[in-house]
Amino acid sequence: MSWVTQLARPEIVALKAYEHAAWEPALERLHANELPWRSFADESLAGLNRYPEPQPRALVERLASLYDVSVESVLVGRGSDEAIDLLVRGFCRAGHDSVVICPPTFGMYSIAARIQGANVLTVPLRADAGFALDEQAVLDQCKRDVKLVFLCSPNNPTGNLLSADSILRLTRALEGKAVVVVDEAYIEFSGAQSLARRIPELPHLAILRTLSKAYALAGARCGTLIADPEVILLLRKVIPPYAIAQLCMEAVLKALEPTQIAVSKARLETIRSERERMLAALPTCSNIVRVWPSAANFLLAEFEDAPLALARSRGARLLIRDVRGYPGLGRCLRITVGSPEQNNRLLDALR
Ligand SMILES: *Cc1c(COP(=O)(O)O)cnc(C)c1O
């Protein structure tokens, strides 16, 4: 029995996948109960009267090449949010299994787990050590029924990278026991290498990537799970067959053409230099206690009077994120790095 078969929910292992209408573009379609004509406003390439191709080949190939991984290790979903949900639904038996999360971190891991009825175990990041991963404490929590460990690097909302060595050691230690999911939503801003290329040697590692941040495509809802091909086959049974809308696929392929990629790279550089400028400038505002260095496109800042800072930024027509509800971040706000003009306006408002 393979490790995926042993670890995944038996119901999903046993499930026969839905048989979607065959995808044979060379033939005319009288097999999916679609209308033969387009609607009037339909300017899509393929026609919105047709169901889209499940896991569209062109998109999967483009993302595999973008992330430098094999086509078989890619599952495309509606944002990485969907990939998080699929992982929990594929691996966690309701009322039995658990996930481990390391707060303060992205909220969707525990929400997806709770919707599935999985238990959520928390191992806080070490606030006294720049929110580093507590590798030993995570291991100590990983008893038999922990199926997934969610790590976020760079972490939202603290901005720091987790140690790749720690993550890889943890993954090795959990081999056969749990899947280590590393959410790399902000990796492009960090300059660090993705851990995705380690999957062939560490099949229990799964990586989440998204086009929502560095590629300016949050509205397209396009996220990628990179994992062992057997995990991908398992979760293809769980994802709805026509998850990726035709318009999204066409928009994403256009946005990932080489000229656009060059634009994205240049913008990344702007955001990174603005981030360092803001990191230096924010502490000169009187209300600020400290700002943490960041490997992402946002900064975590502690204020003496957070409500005042929120009100002042609103006054400059800028929204910043209240993260005071996260454990240990009682007076903190999260500031997305914007355009130079927006950043200046925020600094003026906070000074
Ligand atoms: C923004 C973000 C995502 C992206 O989610 P999408 O569904 O792909 O838009 C994933 N993980 C973290 C930690 C994020 O902050």
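What counts, and where the lines are drawn
- Residues numbered from 1 in each chain as written.
- Predicted model: local features only at pLDDT ≥ 70, side-chain atom pairs only at ≥ 80, totals over all residues.
- Heavy atoms only, no water.
- Phe/Tyr/Trp six-rings, centres within 6.5 Å; stacked < 30°, edge-to-face > 60°.
- Buried < 20%, exposed > 50% of the residue type's maximum accessible area, 1.4 Å probe, protein only.
- Lys NZ or Arg CZ within 6 Å of the ring centre and 35° of its normal.
- Core = buried A, V, L, I, M, F, W, Y, C linked by side-chain atoms within 4.5 Å.
- Helix = DSSP H or I, 4+ residues; strand = E, 2+ residues; numbered from the N terminus.
- Domains from an automatic or database assignment.
- Contact = heavy atoms within 4.5 Å.
- Buried area = accessible area lost by both parts, 1.4 Å probe.
- Salt bridge = Lys/Arg side-chain N within 4 Å of Asp/Glu carboxyl O.
- Polar contact = N/O pair within 3.5 Å; in protein donor to acceptor, adjacent residues only side chain to side chain.
- Nonpolar A, V, L, I, M, F, W, Y, C, P; charged D, E, K, R; others polar.
- Near = heavy atom within 4 Å.
- Pairing = 2+ DSSP bridges.
- Axes fitted to C-alpha atoms, helices over the stretch in contact; angles between N-to-C directions.

This brings us to the packing of aromatic side chains. The tally for this structure, following the rule as stated, stands at 6 aromatic pairs. Taking the centre distance of 5.5 Å and the plane angle of 75° together, the rings of Phe 106 and Tyr 109 count as edge-to-face. Judged by centre distance (6.5 Å) and plane angle (40°), the ring pair of Tyr 186 and Phe 189 falls under tilted. We note that Tyr 186, like Phe 189, is buried. Above the ring of Phe 298, the side-chain terminus of Arg 334 is found at 5.6 Å from the ring centroid.

As a further point, take the nonpolar core. Counting 58 residues, the largest nonpolar core has Leu 133, Val 138, Val 149, Leu 151, Ile 167, Leu 205 and Leu 211 as its most contacted members. If one sorts the elements of this core by residue count, helix H3 (residues 57-66) sits on top with 4 residues. Per-domain counts for this core show at least three residues from each of domain 1 (3-256) and domain 2 (259-350). Not counting residues up to four positions away in its chain, the partners in contact with Ile 167 are Leu 133, Leu 151, Leu 162, Val 180, Val 182, Leu 195 and Leu 205. Among the nonpolar cores identified, the runner-up in size contains 36 residues, and Leu 87, Ile 101, Leu 208 and Ala 243 belong to it.

Entries for the protein chain in the domain assignment read domain 1 (3-256) and domain 2 (259-350). Between domain 1 and domain 2, the residue contacts involve 24 residues of the former and 21 residues of the latter. A buried area of about 1,700 Å², summed over both sides, lies between domain 1 and domain 2, and 66% of it is on carbon and sulfur atoms. Connecting domain 1 to domain 2 are 0 salt bridges. Viewed at the interface, domain 2 and domain 1 are joined by 5 residue pairs in polar contact (both at pLDDT 80 or more). Elements with a minimum of two residues in the side of domain 1 that touches domain 2: H3 and helix H9 (246-255). Looking at the side of domain 1 that touches domain 2 residue by residue, the classes come out as 14 nonpolar, 7 polar and 3 charged.

Moving on, we come to the side chain of Arg 9. Here Arg 9 is to be found in the loop between helix H1 (3-7) and helix H2 (10-14). Beyond its immediate sequence surroundings of up to four residues, Arg 9 is in contact with Arg 89, Gly 90, Phe 91, Cys 92, Arg 93 and Gln 116.

In the region of the ligand, 14 residues are neighbours, and Ser 80, Asp 183, Thr 210, Ser 212 and Lys 213 sit closest. Interatomic distance of 2.8 Å between a side-chain N/O atom of Asn 156 and an oxygen atom of the ligand. Within the side chain of Lys 213, an N or O atom sits 3.3 Å from an oxygen atom of the ligand. By residue number, the principal contributor to the shell around the ligand is helix H4 (residues 79-91), which donates 3 residues. Partitioning the shell around the ligand into residue classes produces 5 nonpolar, 5 polar and 4 charged.

Sheet strands associate in pairs through backbone hydrogen bonding, adopting either a parallel or an antiparallel arrangement. On the basis of which strands lie adjacent, the open sheet formed by 7 strands has the order E1-E7-E6-E5-E4-E2-E3 and mixed pairing. Whereas interior strands pair on both sides, the edge strands pair on one side only; in this sheet they are strand E1 (74-77) and strand E3 (119-122). The sheet shows a mean angle of 20° between the axes of neighbouring strands, direction not considered. The pairing of strand E5 (residues 179-183) with strand E6 (residues 205-210) spans 4 bridges and is parallel. The residue of E6 that forms the bridge with Asp 183 is Leu 208.

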